There are 2 protein chains.
Amino acid sequence: MDERPIGVFDSGVGGLTVAREILRQMPEEAIVYFGDTARVPYGSKSRETVTRFSLQDVRFLLTKNVKAVVVACNTASANSLPAMQAAFQLPIFGVVEPGAKAGAKATKNGKVGVIATSSTIQSGAYQQALRREPEVKEVYAKACPLFVPLAEEGWTEDEVADLTARRYLRELQDRGVDTLVMGCTHYPLLRRCIGEVMGPKVTLIDPARETILRVKEALSSANALRQSDQPPQHHFYVSDRTAMFETICRKAIGQVYEAEEIAIEQY
Amino acid sequence: MDERPIGVFDSGVGGLTVAREILRQMPEEAIVYFGDTARVPYGSKSRETVTRFSLQDVRFLLTKNVKAVVVACNTASANSLPAMQAAFQLPIFGVVEPGAKAGAKATKNGKVGVIATSSTIQSGAYQQALRREPEVKEVYAKACPLFVPLAEEGWTEDEVADLTARRYLRELQDRGVDTLVMGCTHYPLLRRCIGEVMGPKVTLIDPARETILRVKEALSSANALRQSDQPPQHHFYVSDRTAMFETICRKAIGQVYEAEEIAIEQY
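From a predicted model like this one, the values you see are computed outputs, not experimental measurements. Every chain's residues receive numbers from 1 upward, in the order its sequence appears when written. Lettering for chains starts from A, numbering for ligands starts from 1, and both go in the order in which the items are written. Where local features are concerned, this predicted model is filtered to residues with pLDDT of at least 70; where side-chain atom pairs are given and counted, the filter is 80 or more; whole-chain, interface and lining totals use all residues. The side-chain figures draw on all heavy atoms in the structure; neither hydrogens nor water molecules are used.

### Some thoughts on the nonpolar core
Worth spelling out the cut-off: To qualify as a nonpolar core, a set must consist of buried Ala, Val, Leu, Ile, Met, Phe, Trp, Tyr and Cys residues joined through side-chain atoms within 4.5 Å. When a residue's accessible area, from a 1.4 Å probe over protein chains only, is under 20% of the maximum for its type it is buried; when over 50% it is exposed; and in between it is partly exposed. Helix numbering and strand numbering both begin at the N terminus, where a helix is a DSSP run of H or I of at least 4 residues and a strand a DSSP run of E of at least 2.
Residues Ile194(A) and Ile194(B) are the most contacted members of the largest nonpolar core, which totals 54 residues. For this core, the secondary structure elements donating two or more residues are helix H7 (147-153), helix H8 (159-174), strand S7 (179-182) and helix H9 (191-198) of chain A together with helix H7 (147-153), helix H8 (159-174), strand S7 (179-182) and helix H9 (191-198) of chain B.

### Overview of the interface of chain A and chain B
To keep it simple, the criterion reads: We call two residues in contact when some of their heavy atoms are within 4.5 Å. Simply put, the buried area is the total loss of 1.4 Å probe accessible area from both parts when two parts are fitted together. Between Lys or Arg on one side and Asp or Glu on the other, a salt bridge is scored when a side-chain nitrogen of the former is within 4 Å of a carboxyl oxygen of the latter. Here a polar contact is recorded for every N or O atom pair within 3.5 Å, except that within protein the pair must consist of a potential hydrogen donor and a potential acceptor, and residues adjacent in sequence are included only if both atoms are side-chain atoms. Three classes are used: nonpolar for Ala, Val, Leu, Ile, Met, Phe, Trp, Tyr, Cys and Pro, charged for Asp, Glu, Lys and Arg, and polar for all others, with Gly counted as polar.
Opposite the 30 residues of chain A that make contact, chain B presents 30 residues. For the pairing of chain A and chain B, the buried interface totals around 2500 Å² over both sides, and the portion due to carbon and sulfur atoms is 55%. A salt bridge links Arg167(B) to Asp158(A); its shortest N-O distance comes to 2.6 Å. At the boundary of chain A and chain B, one finds 14 residue pairs in polar contact (both at pLDDT 80 or more). Of all elements in the fold, only helix H2 (47-62), H7 and H8 of chain A reach the threshold of two or more residues within the side of chain A that touches chain B. With six residues, the single largest contributor to the side of chain A that touches chain B is H8(A). Partitioned by chemical class, the residues of the side of chain A that touches chain B number twelve nonpolar, seven polar and eleven charged.

### Quick notes on the side chain of Ser239(A)
Looking at where Ser239(A) falls in the secondary structure, it is placed in the loop between strand S9 (235-238) and helix H11 (243-253). Of the polar contacts made by the side chain of Ser239(A), one reaches the side chain of Asp36(A); its length is 2.7 Å. In this view, Ser239(A) contacts Phe34(A), Gly35(A), Asp36(A), Thr37(A), Ala38(A), Arg39(A), Glu261(A), Ile262(A), Ile264(A), Thr49(B) and Arg52(B); residues no more than four positions away in its chain are not counted.

### As for the relation of the copies chain A and chain B
Mapping between the two copies of the chain is achieved by a rotation about an axis and a shift along the axis. Under the convention used in this document: When the copies are superposed, the least-squares fit takes in the C-alpha atoms of residues with a pLDDT of at least 70 in both.
The two copies are related by a screw operation: chain A maps onto chain B through 180° of rotation and 0.0 Å of translation along the axis, at an RMSD of 0.0 Å. Here the transformation between the copies is reduced to the relation of a two-fold axis. Of every C-alpha in chain A, the one belonging to Arg39(A) sits nearest the axis of rotation, 2.3 Å from it. A shared interface surface links the copies, since 100% of the contact residues of chain A are contact residues in chain B too.

Structural data, given as structure tokens:
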């Protein structure tokens, strides 16, 4: 048993969809969430900068005595997971490997697509992880930079979102993918629109679910799950206090937590 | 005469449109440009964070021995110009006041619109500056958060951009504005699309032009213009090295300069 909280970080507020999965699958666990809202997004930035930011994010979570870290941000997972794992002694989980495994499990025809930020796609991490799976024959990757601002603008059930999705996803449809990995935490907020464009025969994968399944297995086999009569206390931190946190918190978790502001560059 | 360069900073690469105006109006002047590409955008962030970042940006430019600073970023101008002017001894020029003056000069019916990032609109800086002008009777402001990602995606001559612009600009049209201030450095890249939606009777104002006119006047009256037989040397710095700098540099200036990467959080 390990009473310490699980740390979760994201470039901003999208990672709240990953926190939601912890609440669902591991309701006994306490969460410390950090969203780097002062430097969001990571998805348009270089690997070096994403790695520098990610190491600071983990360092901050370590000051909160976390027992493990979940890198909710796909861009940080894709670019910087090995650097983080090399730098710190605790278990650090990314979303890319679990997302790829879930995609491999779901595909029937072996053609899998992945959509993500420019930086995630450029890293090639999803493509490599998918190609390691024997079920996967062909991999098609597409950066969709406008999906994050569309989700943040709240234009998720919308003509502009539909048109944008059709534009981005056309080539994946043409390739005949039957499975699409949503490799960015914001994209599940556009699930309806992405699903309508891709059609009912295409399975949409949200890596968060599979990631937290793995985290649960790992903590369980290390006998490090939390067991307590007390309900868990969650803590949320951001590097810039904006209204966006509340909006997405309500959308993702269905409940608004208060976030404390911290100066991330000091870590 | 003052041989020292003019400092220009922006949250990212949009401020290159302001650098272009210096090249056009003051071809003798040397420019030191800093784009905070590691922390871009500023437009969705709080006033406190924008001010903290802006002070660091000016501190960096001061290490390059600049004689004046042009705050190309509308968000930083709108939120943080007084803080910067209070903190430093050299002349610091924002784009909001000149943009508002240009809008006032252009309007015939006294109805002026301004479009900008969320943070700029929330600051109320353009609205206040416009209301100080006797020519201006009514001011209408609208945040257009998707315009920056659209411009960066290069979707400027495009159905998605047209639809987005119609959505954002409809209420300004309904109000009958005859002048529209583009209060974000990226928006001139969408000028055609914004112009088509607003129609030929609406004058579009790019604050960069008026701002540099003012800078020239100020330096001239202080006898601080550069005069030299040597062509000026320009220097470009970014906090994250990304392909976006080159793309926008080519679009805005028509020539690609190499940018050096610096660690802005150390300033």
